[in-house]
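Chain residues, written in single-letter form:
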Amino acid sequence: MKVLVVGNGGREHALAWKLLQSNKVEQVVCVPGNGGTATLERCQNLPLAVDDFEGMSQFALKNGISLVVVGSEIPLSNGITDYLQNQGLMVFGPVKAGAQIEASKAWAKALMQEAGVPTATAAVFTESAAAKSYLQAQGSPIVVKADGLAAGKGVTVAQTIEQAETAIDVIFQGQFGSAGNFVLIEECLLGQEVSVLALTDGLTIRPLLPARDHKRIGEGDTGENTGGMGAYTPTPIATLELMARVQTEVLEKTITALRNRGIDYRGVLYAGLMVAPNGDFKVLEFNCRFGDPETQVILPLLETPLEDLILACIDQRLGEMPPLAWKEGSAATVVAASGGYPGDYEKGKIITGIQKAEAAGAIVFHAGTKLNSAQQIITDGGRVLNITGIGENFQQAITQAYTGIKHIQFSGLYYRRDIGHRVLKIET
Ligand code: AMP
Ligand code: GLY
């Protein structure tokens, strides 16, 4: 089987890496991929834009690609699945109508309300004055969100009314383009976040191991939101009891509500939850694809061949699959980022130490990297590398990740030294 993976992050490197562990997968082509997928054995990059559906379709049909796995939300929300399926290709990822669950927070909120899924109270606005008067009435802390896709950066958890007003101004001034046509103002929830990524064929839903992603740039979970600065799985917050409730109160209700709207949702349904100290939870967001960096910790522990699960989702026979098999233990990843991210940062810095980190036992997934003309790996994005450790328990996994990252060097390298700080205090 030849597989095309769409995207260029650490998630796509992890997807390609995992798929290539199967002897059924002969080759992976990444569009556009990164420095990691360029150097992975039996993997190559195809320099097309992720919205060049025609280019991908032509390549896939000409080169015997039998499966397309879409990593990123942008092509999904632009209808890549609908387009490529019409060309006769097998595609993993929901159709455009289903991807709205991530592409519009207002749409997702209405769906959750209709389905009775627990979620933060929110109101939607199209102009600043009404948004600000609602804000005054609600008080702070409060959360302001751009409606559409903004790479994790369209959300402000405002401690003061002034911060919230600034966030509203920024969104309506067009910083996030059409993603900012609507603003959601949402009740601020306290607790611990859990990412539940589930596979679904539109009928059956199989959750993967629950993960914890550290979204804030700063240690102690402070500062601006990012795409994610580190993650681990499993997380002790997600008890079996909690997961059973998530299955019935969130995942099943949501898939049923989607079906009621005529949407046959097949792919990953990712529920981002906030779990309160008393164990109650609410959905913060849905994503229509694998999480990044959650995938970089979940896939290393998955023993069931990923392509079998993906094909079962596409063919609507997930219910016939045996229970998912997992390695015992834990996985943790730390993101090596470019200084300045999630704001402005420089690119093109030479990266060294990857092989040393791997020799020390870590798995290094590339995110914002590329090969330069001298075949050196250089930085090419805000989140640059994901240094992943696996161990019998969380402490072993995170220690391996931090041991690995100490070998990595590039100008401006920044990483959080407290990933998993709530699980354990670690010396780094
Ligand atoms: P979202 O893209 O909606 O998941 O928001 C990104 C991040 O902002 C989440 O992962 C949380 O860290 C934070 N966040 C979002 N909504 C809320 C909320 N209602 N209360 C507290 N934090 C939130
Ligand atoms: N790690 C957050 C996300 O994938 O959206």
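In the block above lies the structure referred to throughout.
So, here's what we can say about the structure. All figures in this text were calculated on a predicted structure; none of them were measured in a lab.

1. A short note on the site of ligand 2
Turning to step 1, where the next piece is worked out: Around ligand 2 sit Asp213, Lys215, Gly227, Tyr270, Asn287, Arg289, Gly291, Asp292, Pro293 and Glu294, and those are all the residues in its vicinity.
Turning to step 2, where the next piece is worked out: Within the contact set of ligand 2, a nitrogen atom lies 3.3 Å away from a backbone nitrogen or oxygen of Gly227.
Turning to step 3, where the next piece is worked out: At a separation of 2.8 Å, a nitrogen atom of ligand 2 approaches a polar side-chain atom of Glu294.
Turning to step 4, where the next piece is worked out: Taken by itself ligand 2 offers 190 Å² of open surface, and the protein chains cover 91% of this.

2. With respect to the site of ligand 1
Turning to step 1, where the next piece is worked out: Close to ligand 1 lie 15 residues; Glu187, Leu189, Glu193, Lys215 and Glu285 are nearest.
Turning to step 2, where the next piece is worked out: Between an oxygen atom of ligand 1 and a side-chain N or O atom of Glu193, the distance comes to 2.4 Å.
Turning to step 3, where the next piece is worked out: Contact distances for ligand 1 include 3.2 Å between an oxygen atom and a side-chain N or O atom of Asn225.
Turning to step 4, where the next piece is worked out: In isolation ligand 1 has 470 Å² of accessible area, and contact with the protein removes 95% of it.
Turning to step 5, where the next piece is worked out: Of all elements in the fold, only β7 (142-146), β8 (155-158), β9 (183-187) and β17 (281-287) reach the threshold of two or more residues within the shell around ligand 1.
Turning to step 6, where the next piece is worked out: Residues that form the shell around ligand 1 fall into these classes: seven nonpolar, one polar and seven charged.

3. Re the nonpolar core
Within soluble globular proteins, side chains that are nonpolar tend to cluster in buried spots.
Turning to step 1, where the next piece is worked out: Within the largest apolar cluster, 48 residues are counted, with the highest numbers of intra-cluster contacts made by Leu4, Ile101 and Val250.
Turning to step 2, where the next piece is worked out: In terms of residue count, helix α10 (residues 240-260) provides more of this core than any other element does, eight residues in total.
Turning to step 3, where the next piece is worked out: If we ignore the near neighbours within four places in the chain, the residues touching Ile101 are Trp107, Ala108, Leu111, Thr254, Leu258, Tyr265, Leu269, Phe286 and Cys288.
Turning to step 4, where the next piece is worked out: Listed in part, the 43 residues of the second largest apolar core include Leu19, Val28, Leu199 and Leu208.

4. Focus on the side chain of Glu294
Turning to step 1, where the next piece is worked out: Among the structural elements, Glu294 can be located in the loop between β17 and α11 (295-298).
Turning to step 2, where the next piece is worked out: At 5.3 Å, Lys215 is the nearest oppositely charged side chain to Glu294, a buried residue that forms no salt bridge.

5. Topic: the pairing of strand β2 (residues 27-32)
Turning to step 1, where the next piece is worked out: Burial within β2 is extensive, with five of its six residues counted as buried.
Turning to step 2, where the next piece is worked out: The parallel pair strand β1 (residues 2-7) and β2 is bridged by helix α1 (residues 10-19), and the resulting crossover is right-handed.
Turning to step 3, where the next piece is worked out: Here β2 pairs with strand β3 (residues 43-45) via three bridges, running parallel. Among the inter-strand pairings, Val29 is bridged to a residue of β3, identified as Gln44.

6. Topic: the sheet that holds strand β16 (residues 267-275)
Turning to step 1, where the next piece is worked out: Pairing in this open sheet of four strands is antiparallel, and the strands run β11-β10-β16-β17 from one edge to the other. Two strands bound the open sheet, and with one partner strand each, they are β11 (205-207) and β17. On average, each strand axis in the sheet is tilted by 30° relative to the strand beside it, whichever way the strands run.
Turning to step 2, where the next piece is worked out: Across nine bridges, strand β10 (residues 192-200) lies against β16 in antiparallel orientation. Bridging across to β16, Gln192 finds its partner in Val275.

7. Some thoughts on the pattern of salt bridges
Pairs may arise between side chains of opposite charge once their charged atoms sit close together.
Turning to step 1, where the next piece is worked out: One pass over the full model with this rule turns up 21 salt bridges.
Turning to step 2, where the next piece is worked out: Between Arg11 and Glu12 there is a salt bridge whose closest N-O contact spans 2.8 Å.
Turning to step 3, where the next piece is worked out: Accessibility expressed as a relative area gives 6% for Arg11, which makes it buried.
Turning to step 4, where the next piece is worked out: Residue Arg289 pairs with Glu73 through a salt bridge whose shortest N-O separation is 3.2 Å. Pair noted here: Arg289 is in the loop between β17 and α11 and Glu73 is in helix α4 (residues 73-77), with a separation of 216 residues, a long-range link.
Turning to step 5, where the next piece is worked out: Judged by relative accessible area, which is 13%, Glu73 ranks as buried.

Parameters at a glance
Residues numbered from 1 in each chain as written. Chains lettered and ligands numbered in written order. Predicted model: local features only at pLDDT ≥ 70, side-chain atom pairs only at ≥ 80, totals over all residues. Heavy atoms only, no water. Near = heavy atom within 4 Å. Polar contact = N/O pair within 3.5 Å; in protein donor to acceptor, adjacent residues only side chain to side chain. Areas by Shrake-Rupley, 256 points an atom, 1.4 Å probe, with all protein chains shown as cover. Helix = DSSP H or I, 4+ residues; strand = E, 2+ residues; numbered from the N terminus. Nonpolar A, V, L, I, M, F, W, Y, C, P; charged D, E, K, R; others polar. Core = buried A, V, L, I, M, F, W, Y, C linked by side-chain atoms within 4.5 Å. Buried < 20%, exposed > 50% of the residue type's maximum accessible area, 1.4 Å probe, protein only. Contact = heavy atoms within 4.5 Å. Lys, Arg positive; Asp, Glu negative; His and termini not counted. Salt bridge = Lys/Arg side-chain N within 4 Å of Asp/Glu carboxyl O. Right-handed = clockwise from strand over helix to strand, strands pointing away. Pairing = 2+ DSSP bridges. Axes fitted to C-alpha atoms, helices over the stretch in contact; angles between N-to-C directions.

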